[in-house]
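Observations on the three-dimensional arrangement
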Amino acid sequence: MSLGAVKEAFEFDNNRAVSGSDSIFGKWENWFASKISHHGAACCEIAREWLFSMDFSELNGASVLTGPRWIRKRYNWGPTRWHIHWCEAIRQKSLDCGAQAALANEVFFNRGVKSYPAQFVQKFSTEATLHWTQRWESEETPSQWIHEDLIYHEGNAVVINENEIKIWDASAGWWINPNQNEGYGALLALRVVTPLNVSSVLKWGNQEITPNKWQRVKKTK
């Protein structure tokens, strides 16, 4: 997860993200979505072009709304040291959810698909989060993305039709079902980070998502 991820090229209104204290997402309420840095040199431009060429090859003429599963196949999920630059990221054997989501966001954008960073809070088990804490700390990377049995996670909100979105989990390699229930891996809270000119409510299945605001995910009755 990214603790110091830089802002998107356009400014996000992160003040709008503050929606009062909430025990579910309160720890991560003001975190920025992850962004891979650019050296402003050929090394990072070459890395970006490699990413887009790989995606074009893997897509192989399929719909531009196809999830880029090849990213998860190429990069294991694991600790990432932030800040990280493009030329560094593509050489890694593993990347955390923030880095994989940032790659996927750029891939969708390059395809001509509108995609926004998405931030989640998910519930697992204390046994699972303890294991992940030990793994991150063994590689001397921060584990502040974990709190008891909750985790901070990142993905992509992909616009498929006007204000309708689908949520892509880049590090799992699947689309998240908007019909959520309690249990292991349950999605508890969500924030979709958009530019300031996006003010319309976004539709995710039967869920209504207000841009740039943390909100609890409604459970299926």
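Residues numbered from 1 in each chain as written. Predicted model: local features only at pLDDT ≥ 70, side-chain atom pairs only at ≥ 80, totals over all residues. Heavy atoms only, no water.

1. Topic: the environment of Trp136
Note the cut-off: Numbering goes from the N terminus for both helices and strands, where a helix is a DSSP run of H or I of at least four residues and a strand is a run of E of at least two. Exposed residues in this analysis have more than 50% of their type's maximum accessible area, buried residues have under 20%, and partly exposed residues fall in between, with area computed by a 1.4 Å probe over protein chains only.
Its place among the elements puts Trp136 in helix α5 (residues 126-138). Assessed through its relative accessible area of 1%, Trp136 is described here as buried. Through-space distance from the C-alpha of Trp136 to that of Gly78 is 7.8 Å; in sequence the pair is 58 residues apart.

2. As for the nonpolar core
Defined as follows: Grouping buried Ala, Val, Leu, Ile, Met, Phe, Trp, Tyr and Cys residues that are joined through side-chain atoms within 4.5 Å yields what is termed a nonpolar core. In this analysis, two residues are considered to be in contact whenever any of their non-hydrogen atoms come within 4.5 Å of each other.
Ile36, Leu51, Ile71, Trp86 and Leu103 are the most contacted members of the largest nonpolar core, which totals 25 residues. Mapped by element, the contributors of at least two residues to this core are α1 (42-59), α2 (69-74), α3 (86-89) and α4 (97-110). In terms of residues, this core owes the most to one element, α4, which gives six residues. Every residue in contact with Leu51, bar those within four places of it in the chain, is listed here: Trp70, Trp86, Leu103, Glu106 and Val107. With 20 residues, the next largest nonpolar core counts Cys97, Leu150, Ala186 and Ala189 among its residues.

3. Side note on the layout of surface pockets
Note the following rule: Each cavity reported here is a set of points on a 1 Å grid over the protein atoms alone in which a 1.4 Å probe fits but cannot get out, each pocket an open set with protein on both sides within 12 Å along at least five of seven lines, and each lining residue one with an atom within 4 Å of a point. Grid points are joined across faces, edges and corners, and a volume is the space filled by probe spheres set on the points. The nonpolar class holds Ala, Val, Leu, Ile, Met, Phe, Trp, Tyr, Cys and Pro. Asp, Glu, Lys and Arg form the charged class, and all remaining residues, Gly among them, are polar.
Of the volumes computed, that of the largest pocket is approximately 400 Å³. Lining the largest pocket are 18 residues; nearest its centre among them are Gln122, Phe124, Asp169, Ala172 and Trp174. Those elements that provide at least two residues to the lining of the largest pocket are β5 (150-161), β7 (174-176) and β8 (186-192). Taken together, the residues that form the lining of the largest pocket break down as 10 nonpolar, six polar and two charged.

4. A short note on the packing of aromatic side chains
The description of an aromatic ring pair rests on the distance of the ring centres and on the angle between the ring planes. We apply this condition: Geometry of aromatic contacts follows a simple scheme: Phe, Tyr and Trp rings, the Trp one being its six-membered ring, pair when their centres are within 6.5 Å, and the pair is stacked under 30 degrees between planes, edge-to-face over 60, tilted otherwise.
Following the criterion strictly, the structure yields 13 aromatic pairs and no others. A centroid spacing of 6.3 Å and a plane angle of 75 degrees characterise the contact between Trp50 and Trp70, whose relative ring orientation is edge-to-face. Here Trp50, found in helix α1, pairs with Trp70, found in helix α2; they are 20 residues apart in sequence, far enough to count as distant. A relative accessible area of 27% means that Trp50 is categorised as partly exposed. Classification of Trp70 by relative accessible area gives buried; the value is 7%.

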